[in-house]
Amino acid sequence: MTEEKSTATAAPATDRSMTAASAIDTPTGAAIADRTARPKEKILEVKNLSVDFKVKKGYFRAVDKVNFFIYRGETFGLVGESGSGKTTIGRAIVRINETSEGDILFEGKKINGRISPELDREVVHKIQMIFQDPMASLNERAKIDYIVSEGLYSTGGFKTEAERKAKVEKALLEVGLLPEFASRFPHEFSGGQRQRIGIARALIMSPELLVADEPISALDVSIRAQVLNLLSQLQKTRGLTLMFIAHDLSVVRFITDRIAVIHLGKIVELGETEEIFSRPLHPYTRALLSAIPLPDPKREKGRRATFYNPGCHDYAENPPDWVEAMPGHFVYANGGEVEAWSAPFR
Amino acid sequence: MDGKTVDGDIILDVRDLVIKFNLRGQTLTAIRGASLAVERGETIAIVGESGSGKSVFTKSFIGMLDKNGWIDSGSIWFEGADLTRYKTEKEWLGVRGKKISMVFQDPMTSLNPLKAIGKQIAEVYELHHGMDKKQASEAAISMLERVGIPNAGERHRQYPHEFSGGMRQRVVIAIAMACTPQILICDEPTTALDVTIQAQILDLIRSLQAEYGFTTIYITHDLGVVANVADRVAVMYAGKIIECGKAEEIFYDPRHPYTWALLSSLPQLGIKGKPLFSISGTPPNLFNEITGDAFAPRNPYALKVDFVYEPPIFYVSPTHWAASWLLDPRAPKVEPPEIIQQLQDSWKVQNAWLQNGAEQP
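All figures in this text were calculated on a predicted structure; none of them were measured in a lab.

## Some thoughts on the sheet that holds strand 4 (residues 69-78) of chain B
Residues and elements named next belong to chain B.
Then, number 1: Taken together, 4 strands build an open sheet; the order of strands is 2-1-4-5 and the sheet is antiparallel. Looking at the sheet topology across the chains shown, the edges are occupied by strand 2 (26-39) and strand 5 (81-82).
Then, number 2: Relative to strand 4, strand 1 (residues 10-23) runs antiparallel, the two sharing 8 bridges. For Val-18, the partnering residue across the bridge sits in strand 4 and is Ser-73.

## Some remarks on helix 8 (residues 195-212) of chain B
Then, number 1: When the terminal C-alpha atoms of helix 8 of chain B are compared, their 26 Å separation across 18 residues agrees well with the 26 Å that a helix rising 1.5 Å per residue should span.
Then, number 2: Among the residues of helix 8 of chain B, Val195(B), Thr196(B), Ile197(B), Gln198(B), Ala199(B), Ile201(B), Leu202(B) and Ile205(B) are the ones counted as buried.
Then, number 3: Residues of helix 8 of chain B that are buried make contact with helix 11 (283-291) of chain A together with helix 7 (165-177), strand 7 (183-187), strand 8 (215-220) and helix 9 (223-229) of chain B.

## Some words on the nonpolar core
Then, number 1: If you look at the biggest cluster of nonpolar residues, it comprises 190 residues, and the most contacted ones within it are Ala200(A), Met243(A), Ile121(B), Ala174(B), Val226(B) and Val235(B).
Then, number 2: Top contributing element to this core by residue count: helix 7 of chain B, with 8 residues.
Then, number 3: Once you skip the residues sitting within four places of it in the chain, Ala200(A) turns out to touch Val148(A), Ala171(A), Leu172(A), Glu174(A), Val175(A) and Leu177(A).

## Re the packing of helix 4 (residues 117-129) of chain B against helix 5 (residues 133-146) of chain B
Residue and element names in this part refer to chain B.
Then, number 1: The N-to-C vectors of helix 4 and helix 5 enclose an angle of 120°; their axes lie 8 Å apart at closest approach. Classified by the interaxial angle, the pair formed by helix 4 and helix 5 is oblique. Seen from above, helix 4 lies across helix 5 with right-handed handedness. On the side of helix 4, the interface is formed by Gly-118, Ile-121, Ala-122, Tyr-125 and Glu-126, while helix 5 contributes Ala-136, Ser-137, Ala-139, Ala-140, Ile-141, Met-143 and Leu-144.
Then, number 2: Here the residues of the contact of helix 4 with helix 5 are counted per class, giving 9 nonpolar, 2 polar and 1 charged.

## Remarks on the confidence of the model for chain B
Residue and element names in this part refer to chain B.
Then, number 1: Scored by pLDDT, chain B comes out at a mean of 88, with 93% of its residues at no less than 70.
Then, number 2: This model gives residues 1-6 a pLDDT under 50, and the stretch forms 18 contacts once residues within four places in sequence are excluded.
Then, number 3: Here residues 356-361 is a poorly scored stretch, pLDDT under 50, and it has 8 contacts once near neighbours within four places are set aside; other chains count.
Then, number 4: In the predicted assembly, ipTM is 0.78 and pTM is 0.82.

Reading guide: rules and limits
- Residues numbered from 1 in each chain as written.
- Chains lettered and ligands numbered in written order.
- Predicted model: local features only at pLDDT ≥ 70, side-chain atom pairs only at ≥ 80, totals over all residues.
- Pairing = 2+ DSSP bridges.
- Helix = DSSP H or I, 4+ residues; strand = E, 2+ residues; numbered from the N terminus.
- Expected span 1.5 Å × (residues − 1).
- Buried ≥ 20, exposed ≤ 12 C-beta atoms within 10 Å, placed from the backbone.
- Contact = placed C-beta atoms within 7 Å.
- Core = buried A, V, L, I, M, F, W, Y, C linked by C-beta atoms within 7 Å.
- Axes fitted to C-alpha atoms, helices over the stretch in contact; angles between N-to-C directions.
- Parallel < 35°, antiparallel > 145°, perpendicular 65-115°, else oblique.
- Left-handed = near helix turned anticlockwise from the far one by under 90°.
- Nonpolar A, V, L, I, M, F, W, Y, C, P; charged D, E, K, R; others polar.
- pLDDT = per-residue confidence, 0-100.

This is how it looks when you write it as structure tokens:
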């Protein structure tokens, strides 16, 4: 393993003048004020999106009529267990997976299905993705120099060789790696450094929206903090919009502004992060929240996780709908359920 | 060095264990004198970042070190015998699987993809209990039922690829349980699984433990899992156990700066909009001789003595010790980071929703 030389190391612990407790009491006070101050512009809108995969007999619906939008500059979390379709949505946005129904609008333009080559090039530039496993997502036979600039090669994003070199150097520095690393191969790096390379490869395209698919779940605890810090720092300095796909709710709570909870291809609840964490309505969200292991022995010892039973809904007579139960807090439920679920919080 | 914390009924007593590996002509010291006493019936968790040696440490209990590795010195006492003296496979067969079993991280790679799962469990019964094929197969089915595989009577004929990750891990647990071991070592049993499935697997291991009364050793880097399962916690860094105590003592009153750093870097404690605490630098190179405290170069609280002499063990309470010079009476008084001081309060706030009675509709 090579030495981790990071510029994105954290501030010393003494910097934390604010207590953890008070920070949670006033969840995102500053962030909310900041966001209401400027007009909210929707950078990405997903309308009635469905994705089907061909299986032996017919089709399997991985994503089922999903609706959400992402504001420019925010961090949007997509949370669910494996098989819920969260990665499929992310891949549909970057045009890896084909959609079978619905629209994906980026800056007001439809980007799914058949689009013009010019728009395709624009989308490749403006939407980039970071993948989960840094061990598997880098070409083992290519040098870092090529891996990072591959996007530039394929879209003609540079005029001279010197310009490309300069761009690679800048991207590497930005993620806290040394420019010399460009001449090395992926196997010479640790997991955290590889993930940084994955981020550099996305950044070199100067994207506006970054889709991060479980970027830290394959990393060690101590490295996770570094990569999370890097992502939020990049978001600030570059004004990036971040879509964060994860199953680890404790991480999601730390990094996101709004989250959508997805279960078997359907979004069941959506709202501001702190709102969802303090007032979860849908039983699936509650089960998911109750299953997060917290590093608190007293709570953990007395706890038994609650499980979600999809059969608990009575949708035969009263079909569910996408309703705004509380301001900005949406849930997939029928009228009676909304009333019953939100009663304890009124 | 004495790693003993309590005078309970000790089932496994590891003393000053040193494990070395030969790698490309160089010698690497993976375990540098680790001591741990495991009590009968307890659940102990060994925590540390990757490369800290936690897997190597526990693999030595069942003689599963890689070929280029050996136990250099120290002892592992189990049932009146020193396991470090075992040389032949035959000697190990009496312990490995039979008395000390292990559940590995990835259920995909620890099962044989070419054998039906019922067969893989029945094998254990035939080998260790001397049952005939029919008896073994029946025993395998009932064990599958016990670990929560629905339709075990049918599904025992299926192959590993026909099961989900959580179900596969249940099968692995069934194989480990077939010998009714005295010690079950779980090496990151849930890292490959979803949170909801993880909770189920942890519950399963807990209920099996209540039923069979075995001792569990967890290896994990997930402090959430540790809080959920462990009675005691041992924190490992660079091949040494640097702090050990009851779970409450480690989570609410940690004393070693490395434990502070490990807890502070949890996203659960992060404040939105502020950088998360992260440990600077990298773990030491174990090819080199380490003088003083291995964590000193990364430790903002390091004293001069940390770079010269290795800290001995200091007892904080009869059940809690840490190897840090900060606990020496001559050391200057150091306040732990604020975030550590407020651990207990901040956990409470995190749990507000679960505590205010809005449990389940």
